[in-house]
Amino acid sequence: VMKLDKKQAIARRNQELGGAVLGVNNCHFTELNRNKNIWWFDIPLARLAIGQYEWIHLLLHSPASDQLLHLKVPTVFLREKMEGLVVRNEGKRKSTVSLELSADKDAYLEDVRPAGTGVNFAQFLQ
């Protein structure tokens, strides 16, 4: 089982891309939650504001296979889908968009938060 941290994941992906595309601020990293078979992200709402970043990069690691998936998500997509996503601590300084992306074949890379509308992120797989 390969353990990876955010810094290592960014370095590995940047090497594959041949440049410093990903940095600590425009990129979020998570390991597969094996109990629920999901990748879970909390993305600060402030990072999705107009004029901040054009893209948010999500790195999804599966320790058992050491597979590292890269989703390049336009922030405009997240803003447009906000109604169907789960926002935690809404209206507060630390509010975040909370994603649970499924690793199940029948709902692959779909947000499976019960309160959400099942927004699919598979189209952004690099």
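Up top is the structure.
Notes on the structure in this doc start here. The residue numbering used here restarts from 1 in each chain and proceeds along that chain's sequence as written. Per-residue local features are limited, in this predicted model, to residues with pLDDT of at least 70; the limit for side-chain atom pairs, both in listing and counting, is 80 or more; totals at the level of whole chains, interfaces and linings are taken over all residues. To get the side-chain values, all heavy atoms of the structure are used, and hydrogens and water are removed first.

1. Brief notes about the overall build of the protein chain
When you go through the protein chain residue by residue, the secondary structure sums to 2 helices and 6 strands. Secondary structure follows DSSP: runs of H or I at least 4 residues long count as helices, runs of E at least 2 residues long count as strands, and numbering of each begins at the N terminus. In sequence order, the protein chain lays out its α and β elements as α-β-β-β-β-α-β-β. Relative to a compact globule of 126 residues, whose C-alpha radius of gyration would be 14 Å, the protein chain shows 14 Å and is just as compact. Summary of the burial criterion: residues with accessible area below 20% of their type's maximum are buried, those above 50% are exposed, and those between are partly exposed, where the area comes from a 1.4 Å probe applied to protein chains only. In the protein chain, which comprises 126 residues, the share counted as buried stands at 44%. By sequence separation, contacts in the protein chain at least 24 residues apart represent 55% of the contacts at least 6 residues apart. The method behind every accessible area is Shrake-Rupley, applied with a 1.4 Å probe, and residues are considered shielded solely by the protein chains displayed. On the protein chain, roughly 7,200 Å² of surface is accessible, and the fraction owed to carbon and sulfur atoms is 49%. Once the 17 positive and 14 negative side-chain charges of the protein chain are each reduced to a mean point, those two points are 6 Å apart. Between the two quantities, the radius of gyration covers C-alpha atoms and the globule rule is 2.2 Å times the number of residues to the power 0.38. Contact criterion: two residues are considered in contact whenever any of their non-hydrogen atoms come within 4.5 Å of each other. His is not counted, nor are the chain ends, whereas Lys and Arg count as positive and Asp and Glu as negative. Charged groups are reduced to one reference atom each: NZ for lysine, CZ for arginine, CG for aspartic acid, CD for glutamic acid.

2. Notes on the sheet that holds strand β4 (residues 67–74)
In short, DSSP must find at least two bridges between two strands for them to pair. If you trace the 6 strands from one edge of the open sheet to the other, you get β4-β3-β1-β2-β6-β5, paired in mixed fashion. Each of the sheet's edge strands pairs with one partner strand only, and the pair in question is β4 and β5 (86–88). Each strand axis lies, on average, 25 degrees off the axis of its neighbour in the sheet, ignoring direction. With 8 bridges connecting them, strand β3 (residues 55–62) and β4 associate as antiparallel partners. Within the sheet, the bridge partner assigned to L58 lies in β4 and is L71. Here an angle of 0 to 180 degrees is reported between the N-to-C directions of two axes, which are lines fitted to C-alpha atoms, with helices fitted over the stretch in contact. Against the sheet, helix α1 (residues 6–17) touches β1 (27–33), β3 and β4, its axis set at about 80 degrees to β4.

3. Considering the packing of aromatic side chains
Working definition: an aromatic ring pair is given by the centre-to-centre distance plus the angle between the planes. Working definition: rings of Phe, Tyr and Trp (its six-membered ring) pair if their centres are within 6.5 Å, and the pair is stacked with planes under 30 degrees apart, edge-to-face with planes over 60 apart, and tilted otherwise. Tallying each qualifying case throughout the model produces 3 aromatic pairs. On the numbers, 5.6 Å between centres and 80 degrees between planes, the contact of F77 with F121 is edge-to-face. Here F77, found in helix α2 (residues 75–80), pairs with F121, found in the segment after β6 (96–102); they are 44 residues apart in sequence, far enough to count as distant. In this structure F77 comes out as buried when scored by relative accessible area, which is 10%. When its relative accessible area of 0% is taken as the criterion, F121 is described as buried. Centroid distance F77 to F124: 4.7 Å. Interplanar angle 70 degrees. Geometry classified as edge-to-face.

4. Some words on unusual backbone geometry
Positive phi, normally seen in glycine, also occurs at D66, with a value near 60 degrees. Within the fold, D66 resides in the loop between β3 and β4. With a phi close to 60 degrees, L109 is a non-glycine residue in the positive phi region. By secondary structure assignment, the location of L109 is in the segment after β6.

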